[in-house]
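These are the residues of each chain, in order.
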Amino acid sequence: MDWNAKEFIWLDWLILAVGVLGIVWAVYRAIKKDKEKMKGADSQDYLFGKGEPWYIIGAAIFAANIGSEHLVGLAGTGAKSGVGMAHWEMQGWMILILGWLFVPFYQLLNNKMGKIITMPDFLKFRYTKATGSWLSIITLIAYILTKVSVTALTGGIFFEYLLGIPFWYGAIGLIAITAVFTVFGGMKGVMTLSAIQTPILIIGSFLLLFLGLYTLGDGSITQGWSNMMAVCSGLHDGHGTTHMFHWSEPNANGIVDPMYHDYPGFVVFIGASIIGFWYWCTDQHIVQRVLGQTKGEANSEVMKRARRGTIAAGYFKLLPVFMFLIPGMIAIAMNNMDHIGGIAIDIADKDQTDGAYAMLVKSILPAGVKGIVTIGFICALVASLAAFFNSCATLFTEDFYKPMKKGMSEAHYVLIGRIATVVVVILGLAWVPVMRSLGSLYDYLQGIQSLLAPAMVAVFTLGIFSKKITPKAGEWGLVGGFIIGMIRLVTNVVTSNGNDQMTGWLWENTTWFWQTNWLIFECWLLVFIVALMVCVSFVTKAPSKEQIEAITFSPAYWKEIKESWGIWDVVATCGVVVLCACFYAYFW
């Protein structure tokens, strides 16, 4: 048997089949045991899960973030753009804000309302019912049009390059399997799968990293790193892809860095932080992993476990750069070093760069290990997609159906959540061919996030830190920001992200709107929404005492939160921040 085969052989397929059956059995046992403990269906247990230990919370947050866009898109971006994309991944420090700041506010509101809240619940309480309903609508649209469809699309690409499965078979199969898993597994199934796949994915990815560097260095990992950095430093007309910040000044040959348009100076850090703040602190998809831990315990214990879970996730979040992005750089280095062979990538071909990670798995890992690592990848895809499905079911059931159909049985609400999941699956599948026709998946996805994030950041942040922001101001900020973002999205589609030359009075007089760099536009959109909310607050009714006492910044808040942390929480938090700073210092 050829242990160094560069294709899947019978041993890999056998390990993959046995591993999948084993995971199905483990998840089934966990769900059955949990149902026996529950003694009957409960919609909030199905949708949110129950009190898991902090390390399971951290693993679930990490697993919810890791999806096929990392296996395909992050590695592909690493091959093409190097560490420029690391701004979006080196955000362990941002998850700390969720644990230290937002979790206590969400928990206080839980107690006030007597139930586990969703993000729309938060806005309904702080602002108006319409504000919360708009957030539900915006979130559902974003999940269907981007997260579900993007995960399916990139999953299809990954399976095509790794296993040789035709794209549509892989994409549709992934969605179908995940839909069945989510409908019958609920949040307990997602949590269990997350705990299984996280160690496999981490160990397998780092094995790929070290073997890739070992191959690049002809038996030396340190020399492999040096060779990778040398090759990547010469890309893009000598400007290189080994630094996180790109500038407009030309080099010695008079050539401006071609990556400046995508990553303009320090603006890239600000823009990535805005998106990160929205995603990690206010997105139902992520926050649900923490909110599900808030049942039947004292506030201090809930906050302590949730915070420690986010700290653990902060450390986990430092890993994807090394698990996916750096291997993409290794792949392009192997492509450019003729004596190594095994990988052929055209850096200008998006499909080939997107297949970089799968090519590396097939070329580097020995027989048998390929199958084991692929099990972890499949679990990551299913867990991430299942988390999206589950969040959609939660939003629909808690924010739309329950208010309309009060007093129904818990089993009925669980059934409605499952039906909502199936609907999301169908809509996600219907959108996949549209996504494929819209050009660059990365540009489209990042563009959507940059247009949605500013409104979310402004509304949630001002709602917590300002007692002067009125309910109507929150509604105007969320709806106004969303409308402006969608108008910009339409112009992006029409003008190919501002690259086409458009004629006519309207286009020629609005170039500042449709041609502005997407990250710069995102920053100005945030400024505009904040200014709009402040102005509206001057002319609309002030929030009630009840609205602001429970969840706005106050001394009582600090008294309660201080009871939930100790010195080791602070030390562990500082560790995340220091590691992030070290990464920025090295790849400056």
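Residues numbered from 1 in each chain as written. Predicted model: local features only at pLDDT ≥ 70, side-chain atom pairs only at ≥ 80, totals over all residues. Heavy atoms only, no water.

Colleague: Could you clarify how one ought to interpret empty space enclosed by the protein in this entry?
Modeller: Unoccupied space between atoms shows up once a probe the size of one water molecule is rolled over them. Tallied over the full model, the rule gives two cavities of 30 Å³ or more. By volume, the largest cavity amounts to about 60 Å³. In terms of lining, the largest cavity is formed by Met 119, Pro 120, Leu 135, Thr 139, Trp 278, Thr 282, Asp 283, Gln 284, Leu 395 and Met 456. For the lining of the largest cavity, the elements supplying multiple residues, two or more each, are helix H7 (119–126), helix H8 (129–163) and helix H11 (267–282). Its residues assigned to classes, the lining of the largest cavity shows six nonpolar, three polar and one charged. Of the volumes computed, that of the second largest cavity is approximately 30 Å³. (1 Å grid on protein atoms, 1.4 Å probe; cavity = no way out; pocket = protein on both sides within 12 Å on 5 of 7 lines; lining within 4 Å. Points joined across faces, edges and corners; volume = space filled by probe spheres on them. Helix = DSSP H or I, 4+ residues; strand = E, 2+ residues; numbered from the N terminus. Nonpolar A, V, L, I, M, F, W, Y, C, P; charged D, E, K, R; others polar.)

Colleague: Is there a simple way to explain the environment of Leu 71 in this structure?
Modeller: Among the secondary structure elements, Leu 71 is positioned in helix H4 (residues 68–81). According to the relative accessible area criterion, Leu 71 is buried, its value standing at 0%. For the pair Leu 71 and Phe 324, spaced 253 residues apart in sequence, the C-alpha to C-alpha distance is 6.4 Å. (Buried < 20%, exposed > 50% of the residue type's maximum accessible area, 1.4 Å probe, protein only.)

Colleague: Just to check I follow, could you spell out unusual backbone geometry for this structure?
Modeller: Where the residue is not glycine, phi is negative for most of them; where a peptide bond is considered, it is trans in most cases. Positive phi is not limited to glycine here, since Asp 218 has a value of about 50°. Position of Asp 218 among the secondary structure elements: in the loop between helix H9 (167–216) and helix H10 (221–233). A relative accessible area of 60% places Asp 218 in the exposed class.

Colleague: How do you make sense of the pattern of salt bridges when you look at a structure like this?
Modeller: Side chains bearing opposite charge may pair, as long as their charged atoms lie close to each other. Tallied over the full model, the rule gives three salt bridges. As a salt-bridge pair, Lys 317 and Glu 89 come within 2.6 Å of each other at their nearest N and O atoms. Placement of the pair is Lys 317 in the loop between helix H13 (299–316) and helix H14 (320–336) and Glu 89 in helix H5 (residues 86–89), with a sequence separation of 228 residues. Exposure class is identical for Lys 317 and Glu 89. Each is buried. (Salt bridge = Lys/Arg side-chain N within 4 Å of Asp/Glu carboxyl O.)

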